[in-house]
Amino acid sequence: MEAAPLFSFGVIADIQYADAEDGYDFGGFRRRYYRQSLNLLRDAVEAWAAERPPLAFVLQLGDSIDGLNARSGEAEGALEQVLAALGRLPVPVHHAWGNHEFYNFSRARLVRTGLNSHPARAMADPPAGDCQAYHFSPAAQFRIIVLDAYDLSILGREPDNPRYQESLQLLREKNTNDNLNSPTGHLPVHPDASDRVCLAWNYEDALSVIHSHQCVVCFLAGHLHDGGYCLDSHGVHHLTLEGVIETPPESNAFGTIYVYEDKMILKGRGRISDRVMHF
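Now for a quick tour of the structure. Every value quoted in this text rests on a predicted model; they were computed, and no experiment measured them.

What follows is about the overall build of the chain. Counting its secondary structure elements, the chain contains 7 helices and 13 strands. Among the 279 residues that make up the chain, the fraction classed as buried is 50%. When the accessible surface of the chain is summed, it comes to about 13700 Å², and 51% of that surface belongs to carbon and sulfur atoms.

Written out as structure tokens, the structure is:
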């Protein structure tokens, strides 16, 4: 009989809620279920809340509300609805910030919302340019690191901010086209677990850091709505979750990860497949 897991946690990505009729992606091909995504989130919360033993926490991997809300002036209300749904959980929720968070809010504003799960949030507000990456340990010998994928970005910053200017210079150096695109991906860093559009622009640097430490076992990401997975040459699992926003109403896209001493077992719901990740 297999031992009980050391701990478990929920995972979800790209909810992108908006009180709007269904639409399509920027290419006009992939359907997006803006209003329905909130119902799928509520279903996920209900399932997580019923888990026994209870979860240790939930990871919300970014893009909680859609950029449509900024254009309609509904950003605050949409975020309130998402946070209310997640607030029904009896466990902490840790939030990564995605590009859609920055389509709706400045970095200075995000720090003052419920999406700021940084442990220091109860203290005085940090400076507006501060990186929001942090880490925590849910069990002995395990540590979760929540990255700030847009720390060096033009998104969410005023043009006179030094980080904005530094990011703009890097974009001019790195981009091969005429567009000044922001760094993509709220966390995918391996090309075999993403496509080139969603891959972080500095993924090679990120992989170099990851591979310099033998203790990294898994890298969780969102942004690529089709999801992805690979086991890299250093034995690190790269799991990119399917997005809620492109999930039909009769399905879903969330999961629970059960952590053991030698593996992580993903129990997926809907579009997310079950997976065993040994380490």
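The next thing to look at is the pairing of strand E6 (residues 134-139). Pairing geometry for E6 and strand E7 (residues 142-146), over 4 bridges, is antiparallel. The partner of alanine 139 across the bridge, within E7, is phenylalanine 142. A loop of 2 residues connects E6 with E7, the two strands running antiparallel in sequence, and glutamine 141 in this loop sits at a positive phi of about 75°.

In the sheet, strand E11 (residues 253-259) pairs with strand E12 (residues 263-270) via 7 bridges, with the strands oriented antiparallel. In the strand pairing of E12, tyrosine 258 is matched with isoleucine 265. Sheet topology note: the E12/strand E13 (residues 275-278) ladder contains 4 bridges and is antiparallel. Bridging from a neighbouring strand, methionine 264 pairs with methionine 277 of E13. In this antiparallel pair of consecutive strands, E12 and E13, the connection spans 4 residues.

Read across the open sheet, the 6 strands follow the order E5-E4-E1-E11-E12-E13; overall the sheet is mixed. Two strands bound the open sheet, and with one partner strand each, they are strand E5 (93-95) and E13. Going from strand to strand, the sheet's axes swing by 20° on average, the running direction of each strand aside.

Turning our eyes to something else, we now look at the packing of aromatic side chains. A full pass over the atoms with the stated rule returns 10 aromatic pairs. Between phenylalanine 9 and phenylalanine 57, the aromatic rings sit 4.8 Å apart at their centres with planes inclined by 10°, giving stacked as the arrangement. With phenylalanine 9 in strand E1 (residues 7-12) and phenylalanine 57 in strand E4 (residues 57-60), this pair connects stretches of sequence that are 48 residues apart. For phenylalanine 9, a relative accessible area of 1% corresponds to the buried category. By way of ring pairs, the aromatic residues Phe7, Phe9, Phe57, Tyr134, Phe136, Phe142 and Phe279 are connected into one cluster. The ring of phenylalanine 26 is capped by arginine 32, whose NZ or CZ atom sits 5.7 Å from the centre of that ring. The ring of tyrosine 229 has arginine 275 lying over it, and the distance from NZ or CZ to the ring centre is 3.9 Å.

Turning next to the side chain of aspartate 66. Following the sequence through the fold, aspartate 66 ends up in the loop between E4 and helix H2 (68-72). Of note is the side chain of aspartate 66, whose polar atom sits 2.9 Å from the backbone nitrogen of leucine 68. In contact with aspartate 66, other than residues within four places in its own chain, are Gln16, Tyr17, Ala18, Arg32, Tyr34, His100 and Asn104.

This part takes up the sheet that holds strand E9 (residues 228-231). Pairing in this open sheet of 3 strands is mixed, and the strands run E8-E10-E9 from one edge to the other. In this open sheet, the two edge strands, each paired with only one partner strand, are strand E8 (218-221) and E9. Neighbour-to-neighbour, the strand axes of this sheet turn through a mean angle of 5°, independent of strand direction.

With that settled, the discussion passes to the nonpolar core. Core analysis: the largest hydrophobic core is formed by 54 residues, its most contacted members being Phe9, Leu41, Trp48 and Leu220. Those residues in contact with tryptophan 48 that sit more than four places away from it in its chain are Gly10, Val11, Ile12, Leu55, Val58, Leu89, Phe254, Gly255 and Thr256. Formed by 7 residues, the second largest nonpolar core is a distinct cluster that contains Val189, Ala200, Leu207 and Ile210.

Definitions and cut-offs
- Residues numbered from 1 in each chain as written.
- Predicted model: local features only at pLDDT ≥ 70, side-chain atom pairs only at ≥ 80, totals over all residues.
- Heavy atoms only, no water.
- Helix = DSSP H or I, 4+ residues; strand = E, 2+ residues; numbered from the N terminus.
- Buried < 20%, exposed > 50% of the residue type's maximum accessible area, 1.4 Å probe, protein only.
- Areas by Shrake-Rupley, 256 points an atom, 1.4 Å probe, with all protein chains shown as cover.
- Pairing = 2+ DSSP bridges.
- Axes fitted to C-alpha atoms, helices over the stretch in contact; angles between N-to-C directions.
- Phe/Tyr/Trp six-rings, centres within 6.5 Å; stacked < 30°, edge-to-face > 60°.
- Lys NZ or Arg CZ within 6 Å of the ring centre and 35° of its normal.
- Polar contact = N/O pair within 3.5 Å; in protein donor to acceptor, adjacent residues only side chain to side chain.
- Contact = heavy atoms within 4.5 Å.
- Core = buried A, V, L, I, M, F, W, Y, C linked by side-chain atoms within 4.5 Å.

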